[in-house]
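So the chains spell out like this:
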Amino acid sequence: MENPGYCSGSFDGLHHPSDDDDDEMVDIAGATLDFSSTDDVPPLSSGVYEEHNGTSRTAGMNGSGPSRLVDPLEDPLPGVGTYEDFNTIDWVREKSKDRDRHREITNKSRQSTVALLHSISDAFSGWLLMLLVGLMSGALAGGIDISAHWMTDVKGGLCLRGFWFNHEHCCWLSNETTFQERDRCPQWQSWAELITGKSEGPFAYIVNYLMYIFWALMFSFLAVILVRAFAPYACGSGIPEIKTILSGFIIRGYLGKWTLIIKTITLVLAVSSGLSLGKEGPLVHVACCCANILCHLFTKYRKNEAKRREVLSAAAAVGVSVAFGAPIGGVLFSLEEVSYYFPLKTLWRSFFAALVAAFTLRSINPFGNSRLVLFYVEFHTPWHLVELAPFILLGIFGGLWGALFIKANIAWCRLRKTTCLGHYPVIEVLVVAALTALLSYPNSYTRMSGSELISELFNDCSLLDSSQLCGYKQPANTSDTGVDNSLADRPAGPGLYTALWQLALALVFKMMITVITFGMKVPSGLFIPSMAVGAIAGRLLGVGMEQLAYYNHDSVIFKGWCSQGADCITPGLYAMVGAAACLGGVTRMTVSLVVIMFELTGGLEYIVPLMAATMTSKWVADAFGREGIYEAHIRLNGYPFLEPKEEFEHSSLAVDVMRPRRMDPTLAVLTQEGMTVGEVESLVESTHFSGFPVVVSSESQRLVGFVLRRDLLISIDNARKRQDGIVSASQVVFTEHTPPLPPDAPPPLRLRCIMDLSPFTVTDHTPMDITVDIFRKLGLRQCLVTHNGRLLGIITKKDILKHMAQMANRDPDSILFN
Amino acid sequence: MENPGYCSGSFDGLHHPSDDDDDEMVDIAGATLDFSSTDDVPPLSSGVYEEHNGTSRTAGMNGSGPSRLVDPLEDPLPGVGTYEDFNTIDWVREKSKDRDRHREITNKSRQSTVALLHSISDAFSGWLLMLLVGLMSGALAGGIDISAHWMTDVKGGLCLRGFWFNHEHCCWLSNETTFQERDRCPQWQSWAELITGKSEGPFAYIVNYLMYIFWALMFSFLAVILVRAFAPYACGSGIPEIKTILSGFIIRGYLGKWTLIIKTITLVLAVSSGLSLGKEGPLVHVACCCANILCHLFTKYRKNEAKRREVLSAAAAVGVSVAFGAPIGGVLFSLEEVSYYFPLKTLWRSFFAALVAAFTLRSINPFGNSRLVLFYVEFHTPWHLVELAPFILLGIFGGLWGALFIKANIAWCRLRKTTCLGHYPVIEVLVVAALTALLSYPNSYTRMSGSELISELFNDCSLLDSSQLCGYKQPANTSDTGVDNSLADRPAGPGLYTALWQLALALVFKMMITVITFGMKVPSGLFIPSMAVGAIAGRLLGVGMEQLAYYNHDSVIFKGWCSQGADCITPGLYAMVGAAACLGGVTRMTVSLVVIMFELTGGLEYIVPLMAATMTSKWVADAFGREGIYEAHIRLNGYPFLEPKEEFEHSSLAVDVMRPRRMDPTLAVLTQEGMTVGEVESLVESTHFSGFPVVVSSESQRLVGFVLRRDLLISIDNARKRQDGIVSASQVVFTEHTPPLPPDAPPPLRLRCIMDLSPFTVTDHTPMDITVDIFRKLGLRQCLVTHNGRLLGIITKKDILKHMAQMANRDPDSILFN
Amino acid sequence: AKSFEDVRCKCICPPYRNITGHIYNRNFSQKDCNCLHVVEPMPVPGHDVEAYCLLCECKYEERSSNTIKVTIIIYLSVVGALLLYMLFLLLVDPLIRKHDPYTQPLHNEEDSEEMRPQPESSSQARGNTVLERVEGAQQRWKKQVQEQRKTVFDRHKLLS
Amino acid sequence: AKSFEDVRCKCICPPYRNITGHIYNRNFSQKDCNCLHVVEPMPVPGHDVEAYCLLCECKYEERSSNTIKVTIIIYLSVVGALLLYMLFLLLVDPLIRKHDPYTQPLHNEEDSEEMRPQPESSSQARGNTVLERVEGAQQRWKKQVQEQRKTVFDRHKLLS
């Protein structure tokens, strides 16, 4: 190369390594939107110097800010090699960049001790990062648990011993608690007591009711207004977006520090407001935000989108780990449900991070019982093979509800997206919160929070329990059973019948309200409401089975295993199976769900019932629609997500999908020599493609390489400004050696260094199933199509998604992003 | 096409759909070796008719036997699309075939009810197959457990109540057992009692000693002789080969029915002979054999090498699941250690199969204690953070031992492979068995089987135990502790000191003997010996720590958590951690190992100690050599295995790796028209490549497609024999339309249908790291290299492996297979 | 060192013969946490104590009231700070910035659907004083939030 | 239905005061499996029974002696059959086949390193009688085993 300096950073001097790098660092997470959000408008139009500044800022966001001058591995031109917002990354290019970087460090490490230390610290930085992510997420989850618990109780009253205690901790040391009312103590005052001084009577009830509604409205209003004011990206569950981001999409600011703060704060508010939502999905988002922010501390991850996504996959595991106290389940959740590219190294690291997070959370001990979740249960009562029948029934229920929920929720969200309903997000949240509070207060099972409800339903009745659900008739001779203080099967008493009615009403209410709650503009998870629905259904079925067994324990079915006096049916187990079935129906998880439930209960005995229920649930739900709630939301929003689970079923060929179509004008290509800067610019201006193939000549159409529009524009603009003699008539040269030019011609612009010399190609006869596989497995953004060595066209990820939508009789224009 | 019938099965009539299809079916599993095992000799040389027969038999082995005539998805010519022995499959081609098949069935299912039923049964056949694999493997594992337990005890004596009872079951109902000697009962007679009538004294000891050696020699002789006579593939652990097979290699007969029978039988013999080996690795092989044999029942899996490998991945999970009673651990083992292509569907299915197998095994109840493994333990004693230090020490020990073991074992195996030692496999086994028996009888900890030893070491001492390891000095006041019957920390007594000395000797012995045992020509797993070594070391350290704490419980370290009378150190836990560390050092498993250990103990509490130890162990061992024992054996044997865990570190380009090299003659190519049958044949004869690119013309070198040597030869030979007028002067035509020929020319041979129209290409500038990634992720066999649209060369998997060997300064000729 | 009010031993005794169920709550240390110490006064005569105690379940529990206090106070102060800042941005900021050039882009953006970045604001923000730099950063951040708000709330492109 | 000898209740009682440890073994059903029923005669006086029984650990266990019997017998017969077949192949087979054309390829293969498949044997095996077909299959199988043996034991190409 005659001018090697050009391509390797001769413009570095132009960039001010000023002291505002710090400021840039601060701003890294909250990423700026320098370029417009769609790529059909060229981002470079407002003068070159500003543009240079703009791109350098983008590079800063990508993390190349402070160390730009010291690191020789830097991109040759600032901005080249970065991505625009709402675009998809090229996994191959990113991974290749990382390998180059790694190779450089390894080579250097042989030269000096400092470099050796640097290479060692580089190798361990991944583990350190994981440790930090685990610590931070665990601490945040602990804070969220404590605050949410307190805020939920604030709806009912206040503690006089210290306003920061929730109801349970207020009565922690009280001796006034009785066997029937375990949490009543004088230190805890309901709002009626505080305001009117009376704790009983209809007036006090009305005051409490009103205060409950007031606080619910207050909390939900605060939640939605904070989201709207500071971080609109903090709303919703976050899992669909994280799935898309992990598959390579870029949404700047989605995992930034403001999103983190606001999501953490408003999640507590939303959960405490009594809305039918959980904190599990948002916790995954929170963990991913932590990971993304901590990534900026390490050069290796700051600069590489692919490496960062590995960390984010691990963070998703951390989120579930702290949400359910299930480190292994979290890792499998990340593997099965969220992640796109999950190498083994990430498996190890996410396991490590999940463990660290679980331990941090345990040491915070948010519930005061050394457990990570409120609804941890530990039973070891056996189950009988005959019981598989009701478990499968629960699976069918879960599958049906899952399918129905997805359809209803998507229809509702579509309504919100397309009609004027979407213009009043704040009012919507307030109306739903008011409705929820109004309807849920009278029923004690809806009044309590979702986790408490699940905890109560999972719990098995023993003599020690006094809840309504354990309102069995007392047998005549209690003390005869001696040491055994378990409750053998007994007839249901009036308390239990009341509880069953209330539960049935709660079931209907939860099923309705969750449909319109999920998708509102507050942080909202789906796990807890789904599990609550399933747990209620399961408990109802369990109690029913129990009574059936009690009244018919001589019948053929129960004879063998259900002798009188034996504890043969565990309603709590049914609740657990039901919860798993409903959650499975909604999310279509299988293995990870079973493992999560198994870690919740600590018993390997129940794997088979859980597996039977989740499998049935998945199959039943799949019969109504192949996609889970997250995929449905991804599709609703038109994210560029290539589902790795689904096979491409159709027999189309690459030539059917590629652009240009048969009727279209031919593909816009650059030639490796002979085009002038002006011609290139007008070609780029007149089209909106994000990249251009480079060919030997337009007659032969033999492919040389591929140039991205963004890189091309940045390079030309920089060259025009900085390089002497580059005018519109200068030739653009992509060859290795400059061709002979006439003596009076202006100097050529050499751009080989921004050209991708190894573009992916397939032949026109390649079946689309293979092409889709290549895109999925390698994480491509585009692929060129050749016929007998000649360039024919191009297939982008968007083309494939559009084609798939068309094949499924959906609107191909629903795919919005590249 | 003018002659569409030609390419789609016009020769089907030639194949006899005779009643010996049954016979073929029987022979399917024990696959024949029709072609020679190296590909440099063309397989087609002995006349055309016989060849046709031969290939049809090969097709039968691949499973297309019985239903060949009814299935229209059949390959156009029998033999086309199959693979030779010791070759690598093309994943893309196989998966594409399966998708075609699926599409066909789906399309048909809309036409008739029968076809719909067929499509449904096809969809569920995967699950059914998994059920069968689980049942069969579980049953086999149960049989192996029972037989091995009995045979091990036969070395010591015989039961008079029924010769089929082992020692424990012989004394199952006996009342004569005492607290000290728990398994002594009159029904069980040692050989000395049976032969001489005396049970005590030096003479009886000598008789027992001799009988022990006799049986050990007998069993090992039987094992090696059966392996040699009936199924040489049944020897060894099997995991390296299964890894290679799962990555796409073909070893016909390796998973056949004779291998299954012989491996099952000889595994029991080998384990009972007292050799330092375990049954876990071979159980994986056994499960894979089951899966492969059962695959033949389902068309979907019989015909497709890629689909079959999915089932085999699940079977590997099943193997570990029954070996350790750890279904989740098994799935993770398959994912982390064995599998190459592991889609989510396989995850679910392998989990299901692993569960079924574990339940089958549990219902067989081989140990009479409702547990799946002998060394199941259940402790819940807490551990303290300070103890992490000894755990990490154990990790370091495990890592060092792992690295040392791998080096020593590989050196020994290389010796066996290259020197005359390898010519006496039977004598080698006998010598090692005699040595093992001779040295292990005097020491009670080596005399017992590996699983029993581990079980004893894992066990925590309570008052109920009477083993030597629990020989603590009795405290003065036993009964004061009341309900608590655990053994609080106490000074070691003379019994324990004896045990410690014996354990130390056993440790040295096991470490030595395992090195020369693993790799002998009997079925041999490595898990149990590694775990035994680690467990001994851990127990020693644990007892040491315990005594340290006892004598220094006022020192700074122990003060906070180890008050007098409290049970603060659990030597059993140390044994467990040590076992995990050593196993981790040898195999380099991490997550799956932790999960297996956690399922063995049933307690989530110990995840952190286990994780700390395995991670340390892996890091320490990796510092001495990156590869685990299985990868080391794969490399020793030169299997074509492209390690998915390792990154390709070097900066070579595709052009550096491709053939022809710079000095070589140009690439042998076919042109799409213009070559005669004779020219093609002489080109094929004169080279030994397994495939040829087809180009437009030899001047332009523009790529059209790729033809496999095997397909080409079969097609030409068939055409010469069956098609009128095909002579050596006939033109071979690869184009879609026949070019105009002179009127007197013989009819052309049209071969477009055997040409792969979508060969993979990369450009010459593609970095090798990207190319390696493509090969790995897509499972390619070869890839063509182009420059500016012209064909330059070809890269095969073997080329890549050779290049990687060269880069690592190893002998590139060690890669033997394609 | 756990403080006095952070440990408790809680025994739940179910109904037994004619005695109703009871809950006993003492702040005892772990080793004293058993029925015989905690249940006081013993409601049954001496020979029944053992049977009664077998039915009771005693659990030792710990908490950290400081963690709770600190967490709740931090949480409330963050919420309060955010609310104040929001009010400031809503009410005070427009007033004091009435003639500030920074408000210009804000108004512009609300008009045009396709917002164009305004690099001059950031280049102006590269001023010398700390205040100016902070203000520049704040300005950029406000624009991002506005853009996010438009994407999510108005155009419903993401997260709906 | 479990047979009489397939269930047991085993109680292990550790040393207590001056009484040595004891193991009690009865075949009781699951519901009777506790210390009070199994430990007989009781080694301690009445008032100590409870304390002694608290130290003992009783476990109910089941097995299937039929499964064990069947497994071991099947296993031994398979081993026996294999050994007999091996002896047959080693000793008898070469004798009765001395002039049989099938032995031909066997000898050939031992000479040539690169074994060529002998399709005629399989095509001849497609005879009419069952015996001939079985023999053909056996012959093919023997060749495979020989090839495997050469690969593994002689050439050490695989599995070493």
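Please read all numbers here as calculations on a predicted model, not as lab measurements. (Residues numbered from 1 in each chain as written. Chains lettered and ligands numbered in written order. Predicted model: local features only at pLDDT ≥ 70, side-chain atom pairs only at ≥ 80, totals over all residues. Heavy atoms only, no water.)

Trainee: An account of the overall build of chain A is requested, with residue identities and associated values reported.
Mentor: Within chain A, the regular secondary structure consists of 31 helices and eleven strands. Per-residue burial over chain A gives 65% buried out of 818 residues. Pairs at least 24 apart in sequence give 74% of the contacts found in chain A among residues at least 6 apart. Carbon together with sulfur atoms contributes 61% to the accessible area of chain A, which is approximately 28,100 Å² in total. (Helix = DSSP H or I, 4+ residues; strand = E, 2+ residues; numbered from the N terminus. Buried < 20%, exposed > 50% of the residue type's maximum accessible area, 1.4 Å probe, protein only. Contact = heavy atoms within 4.5 Å. Areas by Shrake-Rupley, 256 points an atom, 1.4 Å probe, with all protein chains shown as cover.)

Trainee: Residues and numbers for the overall build of chain C, please.
Mentor: Scanning chain C from N- to C-terminus turns up six helices and three strands. Listed N to C, the secondary structure of chain C is β-β-α-α-β-α-α-α-α in terms of helices and strands. Taking all 160 residues of chain C together, the buried fraction comes to 45%. Excluding contacts between residues fewer than 6 apart, the proportion of contacts in chain C whose partners are at least 24 apart in sequence is 55%. A total of about 8,600 Å² of accessible surface is found on chain C, and carbon and sulfur atoms cover 59% of it.

Trainee: Quick rundown of the sheet that holds strand β8 (residues 749-750) of chain B? Include the residues and the values.
Mentor: Residue and element names in this part refer to chain B. Taken in spatial order, the three strands of this open sheet run β4-β7-β8, and their pairing is mixed. Each edge of the sheet is formed by a strand with only one pairing partner; in this case those strands are β4 (675-676) and β8. As defined by bridge partners, strand β7 (residues 731-733) adjoins β8 across two bridges and the pair is classed as parallel. Within β8, the residue paired with V732 across the bridge is L749. (Pairing = 2+ DSSP bridges.)

Trainee: Give me the side chain of S276 of chain B: which residues, what numbers.
Mentor: Residues and elements named next belong to chain B. Here S276 lies in the loop between α10 (257-272) and α11 (280-295). Among the polar contacts listed, one links the side chain of S276 to the side chain of T514, at a separation of 3.0 Å. In contact with S276, not counting residues within four places along its chain, are K510, I513, T514, T517 and P529. (Polar contact = N/O pair within 3.5 Å; in protein donor to acceptor, adjacent residues only side chain to side chain.)

Trainee: Any details on unusual backbone geometry? Residues and values, ideally.
Mentor: Generally, phi is negative for residues other than glycine and the peptide bonds are trans, each holding for most cases. All names here are of chain A. Backbone torsion omega between R659 and P660 reads -10°, so that peptide bond is classified as cis. Here P660 is to be found in the loop between α27 (654-657) and β3 (670-671). Here N365, not a glycine, exhibits a phi torsion of approximately 55°, which is positive. Along the polypeptide, N365 turns up in the loop between α15 (344-364) and α16 (388-418).

Trainee: Give a description of the UniProt feature "domain: CBS" (unreviewed entry) in chain A that names residues and reports values.
Mentor: UniProt's feature table lists "domain: CBS" (unreviewed entry) at residues 663-722 and 755-812 of chain A, given in the numbering used throughout. Helix makes up 38% of residues 755-812 of chain A and strand 28%, with an end-to-end C-alpha separation of 31 Å. (UniProt positions renumbered as here; feature names shortened; annotations may be inferred.)

Trainee: Can you lay out the packing of helix α5 (residues 113-154) of chain B against α11 of chain B for me, pointing to particular residues and giving the numbers?
Mentor: Residues and elements named next belong to chain B. The geometry of α5 relative to α11 is characterised by a closest axis approach of 9 Å and an angle of 140° between their N-to-C directions. The angle between α5 and α11 places the two elements in the oblique class. Considering the relative orientation of α5 and α11, their crossing is right-handed. Between α5 and α11, the contacting residues are L129, L132, V133, M136, S137, L140, A141 and I144 on the first element and L283, V286, A287, C290, A291, L294 and C295 on the second. Counted by class, the contact of α5 with α11 contains 14 nonpolar, one polar and no charged residues. (Axes fitted to C-alpha atoms, helices over the stretch in contact; angles between N-to-C directions. Parallel < 35°, antiparallel > 145°, perpendicular 65-115°, else oblique. Left-handed = near helix turned anticlockwise from the far one by under 90°. Nonpolar A, V, L, I, M, F, W, Y, C, P; charged D, E, K, R; others polar.)

Trainee: Residue-level account of the pattern of salt bridges, with values.
Mentor: Pairing of side chains with opposite charge becomes possible as their charged atoms draw close. By the definition in use, this model includes 60 salt bridges over all chains. Note that R103 of chain A is salt-bridged to D769 of chain B, the shortest N-O span being 3.1 Å. Placement of the pair is R103 of chain A in helix α4 (residues 91-109) and D769 of chain B in helix α30 (residues 768-778), with the two residues belonging to separate chains. Exposure remark for R103 of chain A: the relative accessible area of 12% places this residue in the buried category. Exposure remark for D769 of chain B: the relative accessible area of 1% places this residue in the buried category. The partner of D6 of chain D in a salt bridge is R63 of chain D, with the nearest N and O atoms 3.7 Å apart. With D6 of chain D in the segment before β1 (7-13) and R63 of chain D in the loop between β3 (57-62) and α3 (65-96), this residue pair connects regions lying 57 residues apart in the sequence. Each member of the pair, D6 of chain D together with R63 of chain D, is buried. Here the residues in one salt-bridge network are K95, R99, D100 and R103 of chain A together with E647, D769, D773, R776 and K777 of chain B, joined through shared partners. (Salt bridge = Lys/Arg side-chain N within 4 Å of Asp/Glu carboxyl O.)

Trainee: So what about the environment of S119 of chain A? Which residues, and what values?
Mentor: All names here are of chain A. By the secondary structure assignment, S119 is in helix α5 (residues 113-154). Judged by relative accessible area, S119 falls into the buried class, the value being 18%. Separated by 659 residues in the primary sequence, S119 and L778 have C-alpha atoms spaced 28 Å apart. Residues in contact with S119, not counting those within four places in the same chain, are I105 and S109.

Trainee: Quick rundown of the state of the cysteines? Include the residues and the values.
Mentor: Residues and elements named next belong to chain A. Using the criterion set out here, one finds ten disulfides over all chains in the structure. Disulfide pairing places C159 opposite C170 at an S-S distance of 2.0 Å. Between C159 and C170, the disulfide has an S-S torsion of 85° and is therefore right-handed. Taken together, the residues C159 in strand β1 (residues 157-159) and C170 in helix α6 (residues 167-170) connect sequence positions eleven residues apart. Each of the two residues, C159 as well as C170, counts as buried. Across a sulfur-sulfur distance of 2.0 Å, C171 and C185 are joined as a disulfide pair. Across the S-S bond linking C171 and C185, the dihedral sits near -80°, which makes this disulfide left-handed. Placement of the pair is C171 in the loop between α6 and β2 (188-190) and C185 in the loop between α6 and β2, with a sequence separation of 14 residues. (Disulfide = S-S within 2.5 Å.)

Trainee: So what about the confidence of the model for chain A? Which residues, and what values?
Mentor: Per-residue confidence for chain A averages 83 on the pLDDT scale, and 88% of its residues sit at or above 70. Low pLDDT, under 50, characterises residues 1-75 of chain A; the predicted model gives this stretch 153 contacts beyond four residues in sequence or across chains. (pLDDT = per-residue confidence, 0-100.)

Trainee: I'd like a description of the pairing of β1 of chain D, backed by residues and values.
Mentor: Residue and element names in this part refer to chain D. Counting buried residues along β1, six of its seven residues qualify, which places the element largely inside the surrounding structure. When β1 meets β3, the two strands line up antiparallel, connected through six bridges. Bridged to C9 within β3 is Y60. Examined bridge by bridge, β1 and strand β2 (residues 22-26) share five bridges and lie antiparallel to one another. Its bridge partner lying in β2, C9 is registered against R26.

Trainee: Tell me what's going on with the packing of helix α28 (residues 677-686) of chain B against helix α29 (residues 709-722) of chain B, and back it up with residues and numbers.
Mentor: All names here are of chain B. At a minimum axis separation of 11 Å, α28 and α29 run at an interaxial angle of 140°. Viewed along their axes, α28 and α29 adopt a mutual orientation that is oblique. The interaxial crossing formed by α28 with α29 has left-handed handedness. Contacts from V677, V680, E681 and V684 of α28 reach α29 at R709, L712, L713, I716, D717 and R720. When its residues are assigned to classes, the contact of α28 with α29 shows six nonpolar, no polar and four charged.

Trainee: Explain the sheet that holds strand β4 (residues 675-676) of chain A to me, using residue names and the numbers behind them.
Mentor: If you walk across this open sheet you meet the three strands as β4-β7-β8 (chain A), and the pairing is mixed. Two strands close off the open sheet at either side, each with one partner strand: β4 and β8 (749-750) of chain A.

Trainee: Residues and numbers for a nonpolar patch on the surface, please.
Mentor: A surface patch of nonpolar side chains, about 800 Å² in accessible area, is lined by L84, L87, F88, L90, L91, V92, L95 and I96 of chain C. Here L95 of chain C shows up in helix α3 (residues 65-96). (Patch = residues over 30% accessible without salt bridge, like charges linked within 9 Å, V, L, I, M, F, W, Y side chains within 5 Å.)

Trainee: Help me get a handle on helix α24 (residues 591-601) of chain A, residues and values and all.
Mentor: Of all the eleven residues making up α24 of chain A, eleven are buried; the element is thus mostly covered by neighbouring parts of the structure. Just downstream of α24 of chain A lies G602 of chain A, where phi reads positive at about 70°.

Trainee: Can you explain the nonpolar core? Please cite residues and give values.
Mentor: Counting 446 residues, the largest nonpolar core has F458 of chain A together with F458 of chain B as the members making the most contacts within it. When neighbours within four sequence positions are excluded, F458 of chain B is seen to be in contact with F375, V377, F379, M531, A535, R539, G572, A575, M576, A579 and M597 of chain B. Formed by 25 residues, the second largest nonpolar core is a distinct cluster that contains A668, I714, A719 and F734 of chain B. (Core = buried A, V, L, I, M, F, W, Y, C linked by side-chain atoms within 4.5 Å.)

Trainee: Tell me about the packing of aromatic side chains, and please be specific about residues and values.
Mentor: All chains considered together, the criterion is met by 65 aromatic pairs over all chains. With a centroid separation of 5.6 Å and 50° between ring planes, the pair formed by Y233 of chain A and Y254 of chain A is classed as tilted. With Y233 of chain A in the loop between α8 (201-230) and α9 (239-246) and Y254 of chain A in the loop between α9 and α10 (257-272), the pair connects residues that are 21 residues apart, well separated along the chain. Judged by its relative accessible area of 1%, Y233 of chain A is buried. With a relative accessible area of 0%, Y254 of chain A lands in the buried category. With 6.2 Å between their ring centres and 85° between their planes, F375 of chain A and F458 of chain A make a pair best called edge-to-face. Here the residue F375 of chain A occupies a position in the loop between α15 and α16, and F458 of chain A occupies one in helix α19 (residues 450-458), the gap between them amounting to 83 residues. Comparing F375 of chain A with F458 of chain A shows no difference in burial state: the two are buried. Taken together, the aromatic side chains of F230 and W258 of chain A together with Y85, F88 and W141 of chain C make up a single cluster linked through ring pairs. Between the NZ or CZ atom of R362 of chain A and the centre of the ring of F359 of chain A, over which it lies, the distance is 5.9 Å. (Phe/Tyr/Trp six-rings, centres within 6.5 Å; stacked < 30°, edge-to-face > 60°. Lys NZ or Arg CZ within 6 Å of the ring centre and 35° of its normal.)

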